[in-house]
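A structural walkthrough
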Amino acid sequence: DSGVTQTPKHLITATGQRVTLRCSPRSGDLSVYWYQQSLDQGLQFLIQYYNGEERAKGNILERFSAQQFPDLHSELNLSSLELGDSALYFCASSGQGNLETQYFGPGTRLLVL
Amino acid sequence: GESVGLHLPTLSVQEGDNSIINCAYSNSASDYFIWYKQESGKGPQFIIDIRSNMDKRQGQRVTVLLNKTVKHLSLQIAATQPGDSAVYFCAENKGTYKYIFGTGTRLKVLA
């Protein structure tokens, strides 16, 4: 158990809908990262937050957004969902430094029908 | 569980033998590297890391080797066990808070 929690574990929705994925980092970790993992793309970095502020952006679509709250939990919002958004979405957390190890949560499996 | 990366390169190893998983990284400025293990249906799990000022680092049954000249990273697993069956990813970081992950290698341990 990495100490990172994610909910829900599974999510099934329809095209055009909006969903919110939730992540709680390890105790004491200030950084939260979001990744998308699909069969043909591997792990793709989406976005990072540090202590409530956006710190780095990766291949995140404009239909996706994220935020980190004062209690350090984070939410990833996916809107206008398309079939191709079906994937595993992982959250990871790390400490303060930029070379800190990332610890991953169990992921949320999203299926868009 | 689901299969991650159906078209991943696969390494098949006999139980008890040593495994060597290789990774070519992309950026010569990367200064921190991690190996992750991902079992079916689970998130990536940290195995071992190494910084660019080192060539080798050993953990319990695992060793990571870094060759900066050819931008190559390898993970050696000693006495491979059935529980080692998983997909293994390398990740690199060049100090920008952004990790770049390799595509992964599937390790199959044969009984």
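Each value, and the rule that gives it
- Residues numbered from 1 in each chain as written.
- Chains lettered and ligands numbered in written order.
- Predicted model: local features only at pLDDT ≥ 70, side-chain atom pairs only at ≥ 80, totals over all residues.
- Heavy atoms only, no water.
- Helix = DSSP H or I, 4+ residues; strand = E, 2+ residues; numbered from the N terminus.
- Rg over C-alpha atoms; globule rule 2.2 N^0.38 Å.
- Core = buried A, V, L, I, M, F, W, Y, C linked by side-chain atoms within 4.5 Å.
- Buried < 20%, exposed > 50% of the residue type's maximum accessible area, 1.4 Å probe, protein only.
- Pairing = 2+ DSSP bridges.
- Axes fitted to C-alpha atoms, helices over the stretch in contact; angles between N-to-C directions.
- Disulfide = S-S within 2.5 Å.

**Points about the overall build of chain B**
Summing up its helical and strand segments, chain B has zero helices and 10 strands in all. In sequence order, chain B lays out its α and β elements as β-β-β-β-β-β-β-β-β-β. Expected size for 111 residues packed as a compact globule is a radius of gyration near 13 Å; at 14 Å, chain B falls within 12% of this value. With the C-alpha coordinates aligned to their principal axes, the bounding extent of chain B is approximately 40 × 25 × 20 Å.

**A closer look at the nonpolar core**
The biggest cluster of nonpolar side chains holds 21 residues, and the ones touching the most others in it are L21(A), W34(A), L76(A), L78(A), Y89(A) and L110(A). Listed by contribution, the elements that provide at least two residues to this core are β3 (19–24), β4 (31–38), β5 (42–50), β7 (64–68), β8 (74–78), β9 (87–94) and β11 (108–112) of chain A. Core analysis: the second largest hydrophobic core is formed by 19 residues, V13(B), I21(B), C23(B) and F33(B) among them.

**Considering the sheet that holds β8(A)**
Residue and element names in this part refer to chain A. Ordered by their spatial adjacency, four strands build an open sheet running β1-β3-β8-β7, and the pairing between neighbours is antiparallel. Both outer strands of the open sheet, β1 (5–7) and β7, are each paired with one neighbouring strand and no more. Geometrically, the sheet is characterised by an average inter-axis angle of 15° between neighbouring strands, direction not taken into account. In the sheet, β1 pairs with β3 via three bridges, with the strands oriented antiparallel.

**Some words on the state of the cysteines**
Evaluation of the coordinates by the stated rule reveals two disulfides over all chains. There is a disulfide in this structure between C23(A) and C91(A), and the S-S distance comes to 1.8 Å. Across the S-S bond of C23(A) and C91(A) the torsion is about -50°, and the bridge reads as left-handed. Here C23(A), found in strand β3, pairs with C91(A), found in strand β9; they are 68 residues apart in sequence, far enough to count as distant. Judged on exposure class, the residue C23(A) and its partner C91(A) are both buried. The side chain of C23(B) participates in a disulfide bridge whose partner is C90(B); the two sulfur atoms lie 1.6 Å from each other. In this pair, C23(B) sits in strand β2 (residues 19–24) while C90(B) sits in strand β8 (residues 86–93), placing the two residues 67 residues apart along the sequence. C90(B) carries the same exposure label as C23(B), and that label is buried.

**Topic: unusual backbone geometry**
The step from T7(A) to P8(A) runs through a cis peptide bond, and the omega angle for that step is -10°. The topology assignment puts P8(A) in the loop between β1 and β2 (10–13). Backbone geometry at N51(A) places phi at a positive 50°, although glycine is not the residue there. Mapped onto the elements of the fold, N51(A) is located in the loop between β5 and β6 (53–57). According to the relative accessible area criterion, N51(A) is partly exposed, its value standing at 47%. Unusually for a residue other than glycine, R61(B) sits at a positive phi of about 65°. Tracing the backbone shows R61(B) in the loop between β5 (56–58) and β6 (62–67). The partly exposed category is assigned to R61(B), whose relative accessible area is 29%.

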